[in-house]
Amino acid sequence: MKFTNSKSIYEKSKNYIPGGVNSPVRAFGSVGMNPIFAKEAFGSKIVDLDNNEFIDYISSWGPLILGHGSKIVHEGVEEVFQKGITYGLSTEKELKLAELITELYPSAEMVRMVNSGTEATMSAIRLARGYTGKEKILKFEGCYHGHYDGLLVKSGSGALTFNMPTSKGLTEGITKDTLVGRFNDIADLERIFDNFGNKIAGVIIEPVAGNMGVIGADEKFLKTLRKLTIDHGALLIFDEVITGFRLGLEGAAGYYGIKPDLVCFGKIIGGGLPVGAYGGKREIMKEISPMGGVYQAGTLSGNPLAVHMGYNLLNHLKNNTQIFKQIENMAKDLEKGLAESAQKSGKKVTVNRVGGMLAVFMNDGPVNSFEDVMNSDTKLFEKYFKGMLKRNILLPPSQFEGLFLSAAHSTEEIKYTIESSYKVFELI
Ligand SMILES: *Cc1c(COP(=O)(O)O)cnc(C)c1O
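The structure displayed is predicted, hence computed values, not measured ones. (Residues numbered from 1 in each chain as written. Predicted model: local features only at pLDDT ≥ 70, side-chain atom pairs only at ≥ 80, totals over all residues. Heavy atoms only, no water.)

1. Let's talk about the overall build of the protein
Helix and strand content of the protein: 16 helices and 16 strands. Relative to the compact-globule value of 22 Å for 428 residues, the protein shows a C-alpha radius of gyration of 21 Å, a close match. Taken over the C-alpha atoms alone, the protein extends approximately 60 × 55 × 45 Å along its principal axes. Look at the contacts in the protein between residues 6 or more apart in sequence, and 72% of them connect residues 24 or more apart. In the structure as shown, the protein presents an accessible area of about 18,300 Å², 51% of it carried by carbon and sulfur atoms. Counting 48 positive and 48 negative side-chain charges, the protein places the averaged centre of each group 3 Å from the other. (Helix = DSSP H or I, 4+ residues; strand = E, 2+ residues; numbered from the N terminus. Rg over C-alpha atoms; globule rule 2.2 N^0.38 Å. Contact = heavy atoms within 4.5 Å. Areas by Shrake-Rupley, 256 points an atom, 1.4 Å probe, with all protein chains shown as cover. Lys, Arg positive; Asp, Glu negative; His and termini not counted. Charge placed at Lys NZ, Arg CZ, Asp CG, Glu CD.)

This is the structure in structure tokens:
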């Protein structure tokens, strides 16, 4: 398998784009190879500049729940192009999308569109502080909430991959109000609330962590968190940028039966265009400008194209809820197959799965916390990644990212992926 064209574009890109990429994980740094550049994609397949074709388990990191180039998501886009793609005025489609999101996700009684997941979490944090009049924010180790300064402490994903638990360029002033708790550790949570409870404006969490592999929150942990936040007048913020409309129509809130005060969306709700949103209780959302004193704005927020595609996708999911089950069933088969393939070769591997999200940890397990994740054999992951790639399977190029299945994946592809996994684990 040759990557000549990708390499050539990468070498040139490095002169003009830091690291040759516009988002760090695309650099393939943690799997010890040069990045692959995409040429085109359709359904579950992605084709690179050297015409290698892969089964794609990155799925653009989550938005493409119906796969690449979905006619359903793209329906009517031409018309939007013709009528104007941005006005600087509001459109009726924004109302329709807001109505749909609030219908499907009842904890969001009102919703504000932004342009990325990062903007959504950043704005939700500002709102939590503005609403409660308190300063501290609690986040958890290994949870990633975008690259907003105040949350870029002990983050997952790209930050983990590059061994930068904290970024440079953060002032003490910004991070001093960020408390970091241990994911799934109830005693730690109680200790934090004992010490800082009345100072905490909000607690932000990925209910299913998807940026340190995949780790579902323990139900008891989340319930304790919900109770402690209510008792102390802190807002509970679910970061559902990955889980929203992936774990089901009501995301992790529906999955666990726990209602947050605020919620952040991204990825799926734009159908592949750059989008985010945050929502929550009416009483809290009323504090946002121009109704209230918490300022937040966006030149392209609620962009007609993005809103159109997001609406198409969410509306399709609403009318075809079997998609979640279909994806989960494939993920279950994959989970079982990959785990058995590792077992057969005697490798120490743990496969975590929640709904249709899964991760292969090169690790004895169980993997329930950030610490557990950090025990993984990243060298072995690199070999596994490369072995699978040779068999035309594109896994996320990092031990700390999850696999994303879409409705476009087929049971044959899952079968082929499992067969390949047996072969690769034998070899490495
Ligand atoms: C991707 C992600 C974000 C950031 O979204 P961007 O659109 O990349 O800014 C925030 N939170 C979670 C859980 C994510 O996975």
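Next comes the rest of the account.
2. Here's the deal with the site of the ligand
Lining the immediate environment of the ligand, one finds Ser-116, Gly-117, Thr-118, Tyr-144, His-145, Gly-146, Glu-206, Asn-211, Asp-239, Val-241, Ile-242 and Lys-267. In the model, a nitrogen atom of the ligand is placed 3.3 Å from a nitrogen or oxygen of the Tyr-144 main chain. Here the ligand loses 83% of its free accessible area of 380 Å² to cover by the protein chains. (Near = heavy atom within 4 Å. Polar contact = N/O pair within 3.5 Å; in protein donor to acceptor, adjacent residues only side chain to side chain.)

3. Describing unusual backbone geometry
Between Ser-289 and the following residue, Pro-290, the backbone shows a cis peptide bond with an omega angle of 10 degrees. By the secondary structure assignment, Pro-290 is in the loop between α11 (282-285) and α12 (304-319). Note the cis peptide between Gly-365 and Pro-366, where omega equals -5 degrees. By secondary structure assignment, the location of Pro-366 is in the loop between β14 (357-361) and α14 (370-374). With phi around 70 degrees, Trp-61 is a residue other than glycine that occupies positive phi space. Along the chain, Trp-61 turns up in the loop between β3 (53-56) and α2 (71-74). Positioned with a positive phi, Lys-267 is a non-glycine residue whose angle comes to about 40 degrees. Locating Lys-267 in the fold gives a position in the loop between β11 (262-265) and β12 (276-280). Owing to a relative accessible area of 24%, Lys-267 belongs among the partly exposed residues under this scheme. (Buried < 20%, exposed > 50% of the residue type's maximum accessible area, 1.4 Å probe, protein only.)

4. Notes on the packing of aromatic side chains
One pass over the structure, following the stated rule, counts seven aromatic pairs. An angle of 40 degrees between the planes, with centres 5.4 Å apart, marks the rings of Phe-245 and Phe-265 as tilted. Of the two residues, Phe-245 is situated in the loop between β10 (235-239) and α10 (251-256) and Phe-265 in strand β11; the sequence distance between them amounts to 20 residues. Comparing Phe-245 with Phe-265, the two get one shared label, buried. Chaining the aromatic ring pairs together yields one cluster made of Tyr-105, Phe-245 and Phe-265. (Phe/Tyr/Trp six-rings, centres within 6.5 Å; stacked < 30°, edge-to-face > 60°.)

5. Here we look at the pattern of salt bridges
In the structure shown here, the tally under the stated rule is 21 salt bridges. A salt bridge links Glu-11 to Lys-14; its shortest N-O distance comes to 3.4 Å. With Glu-11 and Lys-14 both in helix α1 (residues 4-16), this residue pair falls three residues apart, about one helical turn. You can call Lys-14 partly exposed: its relative accessible area is 38%. Two residues, Glu-382 and Lys-379, come together in a salt bridge whose shortest N-O distance is 3.4 Å. Linking Glu-382 with Lys-379, this pair stays in helix α15 (residues 378-390), spanning three residues, or about one helical turn. On the basis of relative accessibility, which here comes to 15%, the residue Glu-382 falls in the buried class. (Salt bridge = Lys/Arg side-chain N within 4 Å of Asp/Glu carboxyl O.)

6. Focus: the packing of helix α8 (residues 186-196) against helix α9 (residues 219-232)
Packed helix pairs are specified by the crossing angle of their axes together with the interaxial distance, meaning the distance between the axes. Where α8 contacts α9, the two axes come as close as 10 Å, and the packing angle between them is 10 degrees. Relative to α9, the element α8 is oriented roughly parallel. Contact with α8, carried on its side by Ile-186, Leu-189, Glu-190 and Phe-193, involves Lys-220, Phe-221, Thr-224, Leu-225, Leu-228, Thr-229 and His-232 of α9 and no other residues of that element. Classifying every residue of the contact of α8 with α9 gives six nonpolar, three polar and two charged. (Axes fitted to C-alpha atoms, helices over the stretch in contact; angles between N-to-C directions. Parallel < 35°, antiparallel > 145°, perpendicular 65-115°, else oblique. Nonpolar A, V, L, I, M, F, W, Y, C, P; charged D, E, K, R; others polar.)

7. Here we look at helix α16 (residues 411-427)
Taking 1.5 Å as the rise per residue, α16 with 17 residues should run 24 Å; its terminal C-alpha atoms sit 25 Å apart, in good agreement. Of the residues making up α16, those classed as buried are Glu-413, Ile-414, Thr-417, Ile-418, Ser-420, Ser-421, Val-424 and Phe-425. Each element contacted by the buried residues of α16 is listed here: β2 (45-48), β3, α13 (322-345), α15 and β15 (393-394). (Expected span 1.5 Å × (residues − 1).)

8. Some remarks on the sheet that holds strand β16 (residues 403-404)
Read across the open sheet, the three strands follow the order β13-β14-β16; overall the sheet is antiparallel. Two strands bound the open sheet, and with one partner strand each, they are β13 (350-354) and β16. Examined bridge by bridge, β13 and β14 share five bridges and lie antiparallel to one another. Paired with Val-354 across the bridge in β14 is Met-357. (Pairing = 2+ DSSP bridges.)

9. Quick word on the nonpolar core
Judged by nonpolar contacts, the single largest core of 108 residues is most densely connected at Phe-140 and Leu-317. Counting the residues that make up this core, at least three belong to each of domain 1 (4-69 + 321-427) and domain 2 (72-319). Contact partners of Leu-317, with chain neighbours within four places excluded, come to Ile-65, Phe-245, Leu-249, Ile-268, Ile-323 and Phe-324. (Core = buried A, V, L, I, M, F, W, Y, C linked by side-chain atoms within 4.5 Å. Domains from an automatic or database assignment.)

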